[in-house]
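Below are the chains, spelled out letter by letter.
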Amino acid sequence: SERHVLVLRSTTNLRISDLMEELQRITTVPTYQQRLYFRGLELHLMKDRTLRELGLDNNAQVRLIGEPTQT
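Residues numbered from 1 in each chain as written. Predicted model: local features only at pLDDT ≥ 70, side-chain atom pairs only at ≥ 80, totals over all residues. Heavy atoms only, no water.

1. What about the overall build of the protein?
Next up, step 1: On a plain count of helices and strands, the protein comes out with one helix and three strands.
Next up, step 2: Counting from the amino terminus, the protein carries its helices and strands in the arrangement α-β-β-β.
Next up, step 3: Partitioning the contacts of the protein with sequence separation of at least 6, the portion at a separation of at least 24 is 58%.
Next up, step 4: About 5,700 Å² of surface is accessible on the protein, with carbon and sulfur atoms providing 43% of the total. (Helix = DSSP H or I, 4+ residues; strand = E, 2+ residues; numbered from the N terminus. Contact = heavy atoms within 4.5 Å. Areas by Shrake-Rupley, 256 points an atom, 1.4 Å probe, with all protein chains shown as cover.)

2. Quick word on the confidence of the model for the protein
Next up, step 1: When pLDDT is averaged along the protein, the result is 85, and 83% of the positions lie at 70 or above.
Next up, step 2: The weakest mean pLDDT in the protein belongs to strand β3 (residues 63-65) at 89; the strongest belongs to strand β2 (residues 41-42) at 95. (pLDDT = per-residue confidence, 0-100.)

3. Digging into the environment of Ala60
Next up, step 1: Looking at the secondary structure, you find Ala60 in the loop between β2 and β3.
Next up, step 2: Judged by its relative accessible area of 28%, Ala60 falls in the partly exposed class.
Next up, step 3: Here the alpha-carbon distance between Ala60 and Arg39, two residues 21 residues apart in the chain, equals 9.4 Å. (Buried < 20%, exposed > 50% of the residue type's maximum accessible area, 1.4 Å probe, protein only.)

4. Regarding the sheet that holds strand β1 (residues 35-38)
Next up, step 1: Across the sheet, which stays open at both edges, the three strands sit in the order β2-β1-β3 with antiparallel pairing between neighbours. The strands lining the two open edges of the sheet, one partner per strand, are β2 and β3. (Pairing = 2+ DSSP bridges.)

5. Description of helix α1 (residues 16-27)
Next up, step 1: Compared with an ideal rise of 1.5 Å per residue, which puts twelve residues at 16 Å, α1 spans 16 Å between its outermost C-alpha atoms and is within 8% of the ideal.
Next up, step 2: Among the residues making up α1, those that are buried are Ile16, Ser17, Leu19, Met20, Leu23 and Thr27. Taken down its axis, α1 places every buried residue within 155° of arc, on the same side. Facing away from the buried side of α1 by over 90 degrees, the exposed positions are Glu21 and Arg25.
Next up, step 3: Packed against the buried residues of α1 are β1 and β3.
Next up, step 4: Looking at the residues trailing α1, positive phi occurs at Thr28, about 65°. (Expected span 1.5 Å × (residues − 1). Arc of directions from axis to C-beta.)

Dropping the structure here:
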């Protein structure tokens, strides 16, 4: 499996759905197949919540599970 490191730097309060779209762009794992986990939370089920609300800050590690699309 591949590992990707994404460093978020934003002045706005991003939503989980925004993170999932960026991960799709980087990893080619479609958003509908992404399973995101952070400290036991299933982030993919909380798409409208913000990163700040869920405690994701600098150095937060999120686990992405999903199959990339074939090119």
